[in-house]
Amino acid sequence: MKVALIGVGQAGGKVTERLANFDAEMGFDAVQGALAINSAQADLQSLSIETQLIGQDRVNGHGVGGDNELGAEVMQSDIQEVVNALDGHVTSRAEAIWVVAGLGGGTGSGGAPALVHELQRVYDVPIYALGILPGENEGSLYQANAGRSLKTVVREADSTLLIDNDAWHEQGESVEGAFDTINQKIAQRVGLLFASGEAIEGVGESVVDSSEVINTLREGGISVLGYASAVAAEDSAENINTVMTVSRQALLTGTSLPDATTAEAALLVVAGEPDRIPRKGVEKSRRWLEDETGSMQVRGGDFPLGSDRLAALVLLGGAERSDRIGEFLERAKQAQAEADEPETDPAEAFADDRLENLF
Ligand code: GDP
């Protein structure tokens, strides 16, 4: 799938840069253009892709803090400049536009839904969002911001691919310390998804086509990506179990939104050396995926890649009914309710019996 990428905010810019670099390093040529937009000048300076500063008249390059309403406003006021800056990136070859943002901050949280809204008016291709959800231990402002941002971006985008910050980092690592790992995984996995929709010359008919990615996302709502890989034997007949194992792991333990297994549609891409990919294993995995997701629309295909491993990439479309979304929305609503409570005087906590003395 030929894509144009637009990162909004700090996380959005960093992840967009990683995606563009991964695509270039692998020689996939799926990424047609990459632009980072921010209201904070300092966050743009460290990036190696093209950048656009917004909201200069309001915040003078200092960012919007955690104020996502202001994030939406500065995007709306400068939308014309942003659309002009995109002209060179959203070439006629792009089959989809992806707006990338951390949903818990300010600029990306507010700016991404506002940008998606405008892009829907201007372009005919699907406009997707890649949204990063704050991990469970991130502060309540992040949770509340992400709740409102998610609600709005899901309404505006053709599909919103969610990456939970708790999903793809190692146990014991703090979320901040893990950003690098998480960003690299996003770049590889989402980068493979973009590239798997690319026509590859001289390979068999089972190669995935961009339209299959687009059709899987056609359900709208929330989408989720899963990934797992394992070492493969040279003979494809010996890899039937390997393909089934990695497909199961991709869905059950490797998704970008843990425990999201219910979906309206799914796509299974098996990546590896074509001679090592067993047809029977791919077929069995596809049927298993149908049962597991409860979806009648499970598409599938191969992605030829020079590697001694086999990997399964599972894209779920229409996955908003998963428990994890419910849990997150609950967290966000609670954080919002706490933020809306009138300020209390901390001294009052000492005045009555609300806190008991230790002795
Ligand atoms: P903005 O610049 O105002 O849009 O704010 P951020 O992009 O910093 O958004 C804050 C949210 O994004 C929080 O939930 C952070 O945990 C998350 N975040 C910030 N930087 C990164 C990053 O590099 N990678 C990932 N995965 N998440 C990030």
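Residues numbered from 1 in each chain as written. Predicted model: local features only at pLDDT ≥ 70, side-chain atom pairs only at ≥ 80, totals over all residues. Heavy atoms only, no water.

Caption draft 1: The arrangement of the packing of helix α7 (residues 140–156) against helix α12 (residues 323–340) in detail. Direction vectors running N to C along α7 and α12 enclose 115 degrees, while the axes themselves pass 8 Å from each other. Remark: the crossing between α7 and α12 carries left-handed chirality. When α7 is examined against α12, the residues Ser 140, Gln 143, Ala 144, Ala 146, Gly 147, Arg 148 and Leu 150 are found in contact with a partner set consisting of Phe 328, Leu 329, Arg 331, Ala 332, Ala 335, Gln 336 and Glu 338. A breakdown of the residues in the contact of α7 with α12 according to their chemical character gives 7 nonpolar, 4 polar and 3 charged. (Axes fitted to C-alpha atoms, helices over the stretch in contact; angles between N-to-C directions. Helix = DSSP H or I, 4+ residues; strand = E, 2+ residues; numbered from the N terminus. Left-handed = near helix turned anticlockwise from the far one by under 90°. Contact = heavy atoms within 4.5 Å. Nonpolar A, V, L, I, M, F, W, Y, C, P; charged D, E, K, R; others polar.)

Caption draft 2: A look at the site of the ligand. Looking at the ligand, there are 17 residues lining it, with Gln 10, Ala 11, Gly 108, Glu 138 and Asn 183 nearest. Within the backbone of Gly 106, a nitrogen or oxygen atom sits 2.9 Å from an oxygen atom of the ligand. Considered on its own, the ligand offers 570 Å² of accessible surface; in the complex 93% of this is hidden by protein. Counting only elements with at least two residues in the shell around the ligand, the list comes to α1 (9–26), α6 (107–122) and α8 (175–196). Considered class by class, the residues forming the shell around the ligand number 6 nonpolar, 9 polar and 2 charged. (Near = heavy atom within 4 Å. Polar contact = N/O pair within 3.5 Å; in protein donor to acceptor, adjacent residues only side chain to side chain. Areas by Shrake-Rupley, 256 points an atom, 1.4 Å probe, with all protein chains shown as cover.)

Caption draft 3: Main features of a negative patch on the surface. Among the surface-exposed residues, Glu 136, Asp 259, Asp 323 and Glu 327 lie close enough to one another that they form a single negatively charged patch. Residue position: Asp 259 is located in the loop between α10 (240–252) and β8 (265–272). For Asp 259, a relative accessible area of 51% translates into the label exposed. (Patch = residues over 30% accessible without salt bridge, like charges linked within 9 Å, V, L, I, M, F, W, Y side chains within 5 Å. Salt bridge = Lys/Arg side-chain N within 4 Å of Asp/Glu carboxyl O. Lys, Arg positive; Asp, Glu negative; His and termini not counted. Charge placed at Lys NZ, Arg CZ, Asp CG, Glu CD. Buried < 20%, exposed > 50% of the residue type's maximum accessible area, 1.4 Å probe, protein only.)

Caption draft 4: Quick peek at the nonpolar core. Among the nonpolar cores identified, the biggest contains 47 residues, and Trp 98, Leu 130, Ile 186, Val 190 and Phe 194 are the most heavily contacted of them. Counting residues per element, this core draws most heavily on α8, which supplies 9 residues. Domain assignment of the residues forming this core places at least three in each of domain 1 (3–196) and domain 2 (223–317). In this view, Val 190 contacts Leu 19, Leu 130, Leu 161, Ile 163, Lys 185 and Leu 225; residues no more than four positions away in its chain are not counted. (Core = buried A, V, L, I, M, F, W, Y, C linked by side-chain atoms within 4.5 Å. Domains from an automatic or database assignment.)

Caption draft 5: Molecular detail of the packing of α6 against α7. Across the interface, α6 lies against α7 with an axial gap of 9 Å and an inter-helix angle of 10 degrees. What the angle tells us is that α6 and α7 run roughly parallel. Judged by residue contacts, Ser 109, Pro 113, Val 116, His 117 and Gln 120 of α6 engage Asn 145, Ser 149, Thr 152, Val 153 and Glu 156 from α7. Its residues assigned to classes, the contact of α6 with α7 shows 3 nonpolar, 6 polar and 1 charged. (Parallel < 35°, antiparallel > 145°, perpendicular 65-115°, else oblique.)

Caption draft 6: Structural detail: the UniProt feature "binding site: GTP" (unreviewed entry) in the chain. As recorded in UniProt, the sites labelled "binding site: GTP" (unreviewed entry) are Gln 10, Ala 11, Gly 12, Gly 13, Lys 14, Gly 106, Thr 107, Gly 108, Glu 138, Asn 165 and Asn 183. Summarising the element assignment, Gln 10 is placed in helix α1. In this view, Gln 10 contacts Asn 38 and Asp 43; residues no more than four positions away in its chain are not counted. Its location among the elements puts Asn 183 in helix α8. (UniProt positions renumbered as here; feature names shortened; annotations may be inferred.)

Caption draft 7: Main features of the domain arrangement of the chain. With domains assigned, the chain is organised as domain 1 (3–196) and domain 2 (223–317). When each unit is reduced to the centre of its C-alpha atoms, the spacing between domain 1 and domain 2 is 27 Å. Listed by partner, the interface residues are 16 residues for domain 1 and 14 residues for domain 2. Summed over both sides, the interface of domain 1 with domain 2 buries roughly 1,400 Å², with 74% coming from carbon and sulfur. A per-residue breakdown of the area domain 1 buries against domain 2 is headed by Arg 189, Leu 192 and Leu 193, which together make up 36% of the total. Linking domain 1 to domain 2 there are 0 salt bridges. Remark: the boundary between domain 1 and domain 2 carries 8 residue pairs in polar contact (both at pLDDT 80 or more). Of all elements in the fold, only β6 (159–164) and α8 reach the threshold of two or more residues within the side of domain 1 that touches domain 2. In terms of residue class, the side of domain 1 that touches domain 2 is built from 11 nonpolar, 3 polar and 2 charged. (Buried area = accessible area lost by both parts, 1.4 Å probe.)

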